[in-house]
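Observations on chain architecture
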Amino acid sequence: MHLAREFLLLMGLGFFVAGLTTYIMTWILVAVHLRDHHPAERKRLGGFLFSPRAFGWYLARRYRAFGDKSLTGLARLGAIGAWSIVFGISAVVVAKAPG
């Protein structure tokens, strides 16, 4: 049981770090694309990449509503990163839960 918890902890941390890296790298590209092509949405999301509104935008896949293939291609990677962050944090919480 102890070995499984350690594995879950390391896996969760790995997913968190990989997701965070992907999220940060793609947010920069998506922010520039939004600034150039969809300025109203960029204003609505704000400038901070870890704002709940921006993070939720990725998780809910709201970028698909624009029908912009370039934006969808960039933002899909950010959504994968956002979900990896959520999964990684969940795995760490489960691994550190008492019991």
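Residues numbered from 1 in each chain as written. Predicted model: local features only at pLDDT ≥ 70, side-chain atom pairs only at ≥ 80, totals over all residues. Heavy atoms only, no water.

What about the overall build of the chain?
Scanning the chain from N- to C-terminus turns up four helices and zero strands. Written out in order from the N terminus, the α and β elements of the chain read α-α-α-α. Taken over the C-alpha atoms alone, the chain extends approximately 50 × 20 × 20 Å along its principal axes. Of all 99 residues assigned to the chain, the portion counted as buried reaches 32%. For the chain, the accessible area works out to roughly 6200 Å², and carbon and sulfur atoms hold 71% of it. The averaged location of the 4 negative side-chain charges in the chain is 5 Å from the averaged location of its 12 positive side-chain charges. (Helix = DSSP H or I, 4+ residues; strand = E, 2+ residues; numbered from the N terminus. Buried < 20%, exposed > 50% of the residue type's maximum accessible area, 1.4 Å probe, protein only. Areas by Shrake-Rupley, 256 points an atom, 1.4 Å probe, with all protein chains shown as cover. Lys, Arg positive; Asp, Glu negative; His and termini not counted. Charge placed at Lys NZ, Arg CZ, Asp CG, Glu CD.)

Regarding helix 1 (residues 2-37)
Under the 1.5 Å per step criterion, the end-to-end length of helix 1 is 51 Å for 36 residues, consistent within 8% with the ideal 52 Å. Its axis deflected by about 25 degrees at Trp 27, helix 1 carries its strongest bend there. Those residues of helix 1 hidden inside the fold are in contact with helix 2 (39-45), helix 3 (52-59) and helix 4 (69-96). (Expected span 1.5 Å × (residues − 1). Bend = angle between axes of the 7 residues up to and from the residue. Contact = heavy atoms within 4.5 Å.)

Some details on the nonpolar core
Within the largest apolar cluster, 17 residues are counted, with the highest numbers of intra-cluster contacts made by Tyr 23, Trp 27, Val 30, Trp 57 and Tyr 58. At the level of elements, helix 1, helix 3 and helix 4 are the ones that each hand at least two residues to this core. Residue contacts for Val 30: discarding those within four places in its chain leaves Trp 57, Tyr 58, Leu 71, Leu 74 and Ala 75. (Core = buried A, V, L, I, M, F, W, Y, C linked by side-chain atoms within 4.5 Å.)

Some details on the pattern of salt bridges
In this structure the tally under the stated criterion is two salt bridges. The salt bridge partner of Arg 35 is Asp 36, with a shortest N-O separation of 3.1 Å. Judged by relative accessible area, Arg 35 falls into the exposed class, the value being 51%. Under the relative-accessibility criterion, Asp 36 is labelled partly exposed at 48%. In this structure, Glu 41 and Arg 44 form a salt bridge, with 3.0 Å as the shortest nitrogen-oxygen distance. (Salt bridge = Lys/Arg side-chain N within 4 Å of Asp/Glu carboxyl O.)

What to know about the confidence of the model for the chain
For the chain, the mean per-residue pLDDT works out to 92, and 100% of the residues sit at or above 70. Helix 4 holds the highest mean pLDDT among the elements of the chain, 95, whereas helix 2 holds the lowest, 89. (pLDDT = per-residue confidence, 0-100.)

Let's talk about the packing of aromatic side chains
The description of an aromatic ring pair uses the distance of the two centres, along with the angle that the planes make with each other. Across all of its chains, the model carries six aromatic pairs by this definition. Arranged with centres 6.1 Å apart and planes meeting at 70 degrees, the rings of Trp 27 and Tyr 58 form a pair that is edge-to-face. In this pair, Trp 27 sits in helix 1 while Tyr 58 sits in helix 3, placing the two residues 31 residues apart along the sequence. The exposure classification of Trp 27 matches that of Tyr 58, with both residues buried. Relative to Tyr 58, the ring of Trp 57 lies with its centre 5.4 Å away and its plane at 75 degrees, an arrangement referred to as edge-to-face. (Phe/Tyr/Trp six-rings, centres within 6.5 Å; stacked < 30°, edge-to-face > 60°.)

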